[in-house]
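# Understanding the architecture of this molecule
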Amino acid sequence: MDDQGCPRCKTTKYRNPSLKLMVNVCGHTLCESCVDMLFVRGSGNCVQCDTPLRKSNFRVQLFEDPAVDKEVEIRKKVLKIYNKRDFDFSNLREYNDYLERVEEIVYNLTNNLEVEGTKQIMEAYQRENRDIIQKNKAKLTREQEELEELLLLEQQGNEQRRLETLQEEQRQLQAKRKSKQALLDELERSHVPATILLAQHKDRAAQLETQIEKQKQVVKTTIFSTGIPMGQTVSLLTVTRLEEVLYHYQPIHIHTYGPPVPELEQLGRLGYLNHVRTAQPQDMAGGYNSGLACHRAIQDAFSGLFHPLG
Amino acid sequence: MFHISSQKKYWTFDNEESLEQLRYEANQKYRNKMLASGKPGVSDAVLLEAHEENVLFRHYEKRLLDFCNAFKPVMPKSVVGTAIMYFRRFYLNNSLMEYHPRTIMLICAYLSCKVDEFNVSSTQFVGNLVQESAAGQERALEQILEYELLLIQQLNFHLVVHTPYRPMEGLLIDIKTRYPLLENPESLRKSVDDFLTRVTLTDSGLLFPPSQIAMTAILNSASRAGLSMESYLTECMGLKEDKETLLKMYDAMRRIKSLMKKYELPKPDEVNAYKVKLERVHADFVTNSNTKRKRGYEDDDHVAKEPRMTEEEEWTDEDLDDL
């Protein structure tokens, strides 16, 4: 978070992590207080690149790298003009070419390459495709509205559910209070001994609890999570029975073209290990033992010894 | 293990004739390519013949061996064996005229260090070229890195080489355990080592499994020392009944020994004559087609494709002398 300080006041960012960084159109950052400072004095130039700025052009930085913010801004502007969609094109190739041109433009503007030329291209495009742009804008707004409606519905649903649970809790609390009050009243009034009264009260409380539990579980499930409604019988096709041969393990046999090599475990018994350098404690700690090296040497010595020649 | 290795499948040939054939074909291919390219000055007399290439090959192989022996830190024998094997396999399918052996031999050593996990940094490696200045070492390093991928490609990416050194150790252990008739196998070690070094300079690595070469080495040294080891093969290896395999073993050993006898160090005057020819071929005709070096992933717009007509030999043979 603090890997970049404000380029002007440098220290303030580190001292005050809640201080926000603002980005402007040239892609350089300034913390809030520096922005205010800069426009108090009436001058409006960026500290690092000296481009003239307006205070309104500063937006709160969303990304760590200011260049990304700059690109996001540029992209929004470009896409307002270049707003064709994939069904506007006859084939995939054209759509991809169009997208690539858009990326070129964004890239050029972000990295300040050929800014003039790019702006001219954009203007030319805007002039040519004015009506298409308008149409697409209209479409976009319609879609956005639909999305917003859906969101609203969801929110309302959430609200309702919250209210309901609240009310439930309230009712339960009240019920409990009532039963307690009833117990106290009876203790005062009746002539039955206190222990029996308490037992009765406990019984009633237990009953209430079970009632509450049952109510909670009354959420009727009518459909399974996969969407199949409950209670429907799904007819399955009979599964064909697959008969296969049981797998039988055959140990692999590798032809070494040489005499047989003794097993690793038997090397010690056969006396091979006497002729190999014994493993030091350091080697053994890592899992090495002299049998490994010996076995490898013997394998190499015997491999291919009887290799058939032409 | 050798019996399932790529060395057995792809790089073990039946007889010396097939090897000769391959080298001859590589030479012919390059000659035809040069003659067909129509460059001025190309003629049959200027290009090297297969047997001339052979002489030069042996010369450079010896240089490689000397370079590896003089290497600091001390190079393990398996690394040396692997490097020489790479050199040999490379020139089985390529002509010396196309790629200068001086460069290839250093790359073989470098690659072999990497493959055999003998960790040498590249600066340390070129530091062993003591005749060079630092700039010369830099250039050598650049060349090594340029051709490394080519070498791996020509080896068909089969980088694991089984040398006879570990089988030799294994056989010694086995002899000590199961063959008490031979009293002191350790006494044989020095001459066995000697034998194995000489064997790497022959074609045996491409013809026989390393365990057979090791066996030959041991039996040979034993017989040189006057000790008889006949019963080792028959008794311990269980070959008493299997006459056929026994005969084949003896045959193989005989062939290895004859290959060793045939090997001779190339004569200096021949070498110099052919070297002059080789240098001329390289200077005149070889255009550096390997300059499309991918220096990291540059932008695709700027792939460097300048054909550098520079000479490869910024450092000469004499720099490798008396290493």
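Note: the structure precedes this text.
What comes next is a walk through the structure. Just so it is clear, the structure is predicted and the values come from calculations on it, not from any experiment. (Residues numbered from 1 in each chain as written. Chains lettered and ligands numbered in written order. Predicted model: local features only at pLDDT ≥ 70, side-chain atom pairs only at ≥ 80, totals over all residues. Heavy atoms only, no water.)

### Topic: the overall build of chain A
A tally of regular secondary structure across chain A gives 10 helices and 3 strands. Mapped from its N terminus to its C terminus, chain A presents α and β elements in the order α-β-β-α-β-α-α-α-α-α-α-α-α. Taken over 310 residues, chain A has a buried fraction of 25%. Relative to all contacts within chain A whose residues are 6 or more apart in sequence, the contacts with residues 24 or more apart total 51%. Carbon and sulfur atoms provide 55% of the accessible area of chain A, an area that totals close to 24,100 Å². (Helix = DSSP H or I, 4+ residues; strand = E, 2+ residues; numbered from the N terminus. Buried < 20%, exposed > 50% of the residue type's maximum accessible area, 1.4 Å probe, protein only. Contact = heavy atoms within 4.5 Å. Areas by Shrake-Rupley, 256 points an atom, 1.4 Å probe, with all protein chains shown as cover.)

### Some remarks on the packing of helix H8 (residues 165-178) of chain B against helix H11 (residues 210-224) of chain B
In a packed pair of helices, the relevant descriptors are the angle between the two axes and the axis-to-axis distance. All names here are of chain B. Remark: H8 packs on H11, axes separated minimally by 8 Å, with the N-to-C direction vectors making an angle of 55 degrees. One finds that H8 runs oblique with respect to H11. Where H8 crosses over H11, the two elements pack in a sense that is right-handed. Across the interface between the two elements, Pro167, Met168, Leu171, Leu172 and Ile175 from H8 touch Pro210, Ser211, Ala214, Met215 and Ile218 from H11. (Axes fitted to C-alpha atoms, helices over the stretch in contact; angles between N-to-C directions. Parallel < 35°, antiparallel > 145°, perpendicular 65-115°, else oblique. Left-handed = near helix turned anticlockwise from the far one by under 90°.)

### As for the pattern of salt bridges
The tally for this structure, following the rule as stated, stands at 28 salt bridges over all chains. In this structure, aspartate 300 of chain A engages arginine 166 of chain B in a salt bridge whose closest nitrogen and oxygen atoms are separated by 2.5 Å. Residue aspartate 300 of chain A is found in helix H10 (residues 290-302), and its partner arginine 166 of chain B is found in helix H8; the two belong to separate chains. Since its relative accessible area comes to 34%, arginine 166 of chain B is described here as partly exposed. Of the charged contacts, one joins lysine 114 of chain B and glutamate 148 of chain B as a salt bridge, the two residues approaching to 2.7 Å between their closest N and O atoms. Of this pair, lysine 114 of chain B sits in helix H5 (residues 101-115) while glutamate 148 of chain B is found in helix H7 (residues 134-154), placing the two residues 34 residues apart along the sequence. Its relative accessible area of 46% is what places lysine 114 of chain B among the partly exposed residues. One network of salt bridges, in which partners are shared, links Glu20, Arg23, Glu61, Arg88 and Asp203 of chain B. (Salt bridge = Lys/Arg side-chain N within 4 Å of Asp/Glu carboxyl O.)

### Topic: the sheet that holds strand E3 (residues 59-60) of chain A
Residues and elements named next belong to chain A. On the basis of which strands lie adjacent, the open sheet formed by 3 strands has the order E2-E1-E3 and antiparallel pairing. Here the strands that pair on one side only, and so sit at the sheet edges, are strand E2 (29-31) and E3. Two elements, strand E1 (residues 21-23) and E3, share 2 bridges in a ladder whose sense is antiparallel. Within the sheet, the bridge partner assigned to valine 23 lies in E3 and is arginine 59. Here helix H2 (residues 32-40) sits on the sheet and contacts E1 and E2; the angle it forms with E2, its principal contact strand, is near 95 degrees. (Pairing = 2+ DSSP bridges.)

### As for helix H7 (residues 194-216) of chain A
Residue and element names in this part refer to chain A. Here H7 contains 23 residues, and its C-alpha end-to-end distance of 33 Å stays within 8% of the 33 Å for a straight helix at 1.5 Å per residue. Along H7, the residues classified as buried are Leu197, His201 and Ile212. Turning to H7, the residues buried within the fold contact helix H6 (130-189). (Expected span 1.5 Å × (residues − 1).)

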